[in-house]
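Spelled out from the first residue to the last, the chains are:
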Amino acid sequence: MPTITLKSKHEITSEALLSPQELSDIYLFGIPIKDRNGALISNETFKFYISAAQEQLENYLALKFKKQVYTETLSYAAEEFYNWSYLRTTYPVVCPLLLEGFLNTTKQVTYPKEWLTAKKSSDGTLYHRNLYIVPAGNATGLTQAQLFTGLIPNLSYLGLARIPNYWNVTYVTGFSKVPYQLVDIVGKLASLNIFCLSGDLILSPGIASFSLGIDGLSQSMSAKAYDGRIQSMLTDLTQRLLPEARDYYRGFLFGVC
């Protein structure tokens, strides 16, 4: 019985903001990404530099690009809780899910999800790192006995200014679609490493220029051909893109010790 075999090239979807082909087409156009013997730089090398650049930018801006559920512990600060009833989170809050208070391993309080809210922009690109507690909805009828549990539920009201690692907060963070500004920064950061690598592949590593002359004919090559692009990208990153992204997404971060 005859059979038909189909073959197709495919790639498992990754969390990278750019594919190797996109990085090559957008940022490395016209750059020979192969050595003198014609061997191309592997896709794994591209993926490594893209992932490294993405991780560096996430750490620099204190962001998570992929939308995900994140849980962290925060300290209780009386002046913040009583005056404004808000918590300062590590990452921007897209949607608050759960807020619980623990004294060591003893749970003291659980706030209804309807009471938790976060501020965001209408275009869905800018979220704030604050989680607010505002009684609302059907949960307003809950009594203190229903909210508080544990052996000594009212300990937080005994005049303590700080309780380390008291809050356990769960929320959604990340982007449904990462803004192009951040994608551009990742692409340029990754490209800088490719440019440096390509410069070594033109000639032997450590050799900046090469000349050959035979019977009146001469040929010269230089590995500094990418200096203009490298300098242009560095200037754009350090003087425009990174400062703007830091001010817009990170702002000023304050911590309570």
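Right above here is the structure, for reference.
Overview of the structure. All figures in this text were calculated on a predicted structure; none of them were measured in a lab. (Residues numbered from 1 in each chain as written. Predicted model: local features only at pLDDT ≥ 70, side-chain atom pairs only at ≥ 80, totals over all residues. Heavy atoms only, no water.)

Before going further, it helps to spend a moment on the overall build of the protein chain. Broken down by element type, the protein chain carries 6 helices and 9 strands. Counting only contacts in the protein chain whose residues sit at least 6 apart along the sequence, the fraction spanning at least 24 positions is 76%. Carbon and sulfur atoms make up 55% of the accessible area of the protein chain, which amounts to about 16,000 Å² in all. (Helix = DSSP H or I, 4+ residues; strand = E, 2+ residues; numbered from the N terminus. Contact = heavy atoms within 4.5 Å. Areas by Shrake-Rupley, 256 points an atom, 1.4 Å probe, with all protein chains shown as cover.)

Bringing the pattern of salt bridges into the picture now. Charged atoms that come close allow side chains of opposite charge to pair. For the structure shown, the criterion picks out 6 salt bridges. A salt bridge links Lys-47 to Glu-44; the nearest nitrogen and oxygen atoms lie 3.7 Å apart. With Lys-47 and Glu-44 both in helix 2 (residues 43–61), this residue pair falls 3 residues apart, about one helical turn. Here Lys-47 falls in the partly exposed class, since its relative accessible area comes to 28%. (Salt bridge = Lys/Arg side-chain N within 4 Å of Asp/Glu carboxyl O. Buried < 20%, exposed > 50% of the residue type's maximum accessible area, 1.4 Å probe, protein only.)

With that out of the way, let us pick up unusual backbone geometry. At Asn-104, a position not held by glycine, the phi torsion is positive, near 60 degrees. Tracing the backbone through its elements, the reader meets Asn-104 in the loop between strand 3 (95–103) and strand 4 (106–111). The exposed category is assigned to Asn-104, whose relative accessible area is 76%. Unlike most non-glycine residues, Asn-165 shows phi in positive territory, near 50 degrees. Among the secondary structure elements, Asn-165 is positioned in strand 7 (residues 162–173).

This paragraph deals with the packing of helix 2 against helix 6 (residues 227–250). At a closest axis distance of 10 Å, the pairing of helix 2 and helix 6 adopts a crossing angle of 50 degrees. Considered as vectors, helix 2 and helix 6 are oriented oblique to each other. Of the residues in helix 6, those touching helix 2 at Leu-57, Asn-59, Tyr-60 and Leu-61 are Leu-242, Ala-245, Arg-246 and Arg-250. Of the residues contributing to the contact of helix 2 with helix 6, the split by class is 5 nonpolar, 1 polar and 2 charged. (Axes fitted to C-alpha atoms, helices over the stretch in contact; angles between N-to-C directions. Parallel < 35°, antiparallel > 145°, perpendicular 65-115°, else oblique. Nonpolar A, V, L, I, M, F, W, Y, C, P; charged D, E, K, R; others polar.)

This part is about the sheet that holds strand 5 (residues 116–117). If you trace the 3 strands from one edge of the open sheet to the other, you get 2-6-5, paired in antiparallel fashion. Two strands bound the open sheet, and with one partner strand each, they are strand 2 (86–88) and strand 5. Pairing between strand 2 and strand 6 (residues 130–133): 3 bridges, direction antiparallel. Paired with Tyr-86 across the two strands is Tyr-132, which belongs to strand 6. (Pairing = 2+ DSSP bridges.)

It is worth spelling out the sheet that holds strand 1 (residues 68–77) at this point. Read from one edge of the open sheet, 4 strands run 1-7-3-4, paired in antiparallel fashion. Edge positions in the sheet fall to strand 1 and strand 4, since each has one partner strand and no second. Pairs of neighbouring strands in the sheet enclose a mean axial angle of 25 degrees, with direction left out of account. Strand direction decides the pairing type here: strand 1 and strand 7, joined by 9 bridges, are antiparallel. Bridge assignment links Thr-73 to a residue of strand 7, and that residue is Asn-168.

Turning to helix 1 (residues 20–27), a few remarks are in order. Pro-20, Leu-23, Ser-24 and Tyr-27 are the residues of helix 1 that are buried. All buried residues of helix 1 lie within an arc of 105 degrees about the axis, which places them on one face of the element. Residues of helix 1 that are exposed and point over 90 degrees away from its buried face: Gln-21 and Ile-26. (Arc of directions from axis to C-beta.)

Attention now goes to the nonpolar core. Counting residues in each nonpolar core, the largest one holds 35 residues, and the members touching the most others are Leu-23, Leu-57, Phe-65, Leu-182, Ile-185 and Ile-194. Mapped onto this core, the elements with two or more residues apiece are helix 1, helix 2, helix 5 (180–202) and helix 6. Here this core takes 9 residues from helix 5, the largest share from any one element. Among residues more than four places away in sequence, those in contact with Leu-57 are Phe-65, Leu-182, Ile-185, Val-186 and Leu-242. (Core = buried A, V, L, I, M, F, W, Y, C linked by side-chain atoms within 4.5 Å.)

The residue Lys-120 is located in the loop between strand 5 and strand 6 in this model. In this structure Lys-120 comes out as exposed when scored by relative accessible area, which is 52%. Each C-alpha atom of the pair Lys-120 and Val-93 lies 8.2 Å from the other, and the pair is 27 residues apart in sequence. Dropping the residues within four chain positions of it, Lys-120 is found in contact with Leu-126, Tyr-127 and His-128.

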